[in-house]
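# Reading the structure
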Amino acid sequence: ATQRSFYEPESHGNKGVDNDQITYDLRLTYGLGENLSMNWGASYIVFDDNRFINLTTTGGAKYTWQTQAGLTVKPLKTLTITPSYNYTLVDEKKKQVVRADGLQVLDRVVGQTHTGTLTLAQEIIPKLLNLDIQASAASTTASDDATNNQTYGGTGRITWNLGKLF
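These notes cover the structure that comes with them. (Residues numbered from 1 in each chain as written. Predicted model: local features only at pLDDT ≥ 70, side-chain atom pairs only at ≥ 80, totals over all residues. Heavy atoms only, no water.)

Counted by the stated rule, this structure contains two salt bridges. Close ionic contact of D132 with R157 constitutes a salt bridge, the shortest N to O distance being 3.2 Å. Taken together, the residues span a long stretch of sequence, with D132 in strand β9 (residues 129-142) and R157 in strand β10 (residues 148-160) at a distance of 25 residues. Since its relative accessible area comes to 18%, D132 is described here as buried. (Salt bridge = Lys/Arg side-chain N within 4 Å of Asp/Glu carboxyl O. Helix = DSSP H or I, 4+ residues; strand = E, 2+ residues; numbered from the N terminus. Buried < 20%, exposed > 50% of the residue type's maximum accessible area, 1.4 Å probe, protein only.)

So this is what it looks like as structure tokens:
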């Protein structure tokens, strides 16, 4: 997929393409009966930023690589277990960075994100009452030390399908 965006109004007396984005995507899925399925995907995104930062400097290119893998296992007729993992790497060729001495420079910054998720779905009363539980953890870092985050989350839900009562 290719996407172009144009800037309006004119920036520093110039008018034209602000940025180009090209996306390459590949997805594979394999199922083995109703009890096991696997999926894997990868994306590569090239984002070329042509906007003006100032009169002598334009934005830089940003390359994003993303991959994800998942597995769905159904060990019991009423239980589904789905772990998944996602990795993203963002390589910004020219990012405005403030150095320790206070000087602002354009520098290469590489960021990484790892995300893991585990989902459990249990049919308490088949087709009528379901329990879903999901836990996730993510870690994001950047080479300029501007980002270093770890997040954890979880949710639970009970669903009662009223349509099966009538």
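Once that is clear, we can look at unusual backbone geometry. With a phi close to 65°, K127 is a non-glycine residue in the positive phi region. Here K127 is to be found in the loop between β8 (104-125) and β9. Unusually for a residue other than glycine, D145 sits at a positive phi of about 60°. With respect to the helices and strands, the residue D145 is situated in the loop between β9 and β10. For D145, a relative accessible area of 70% puts it in the exposed group.

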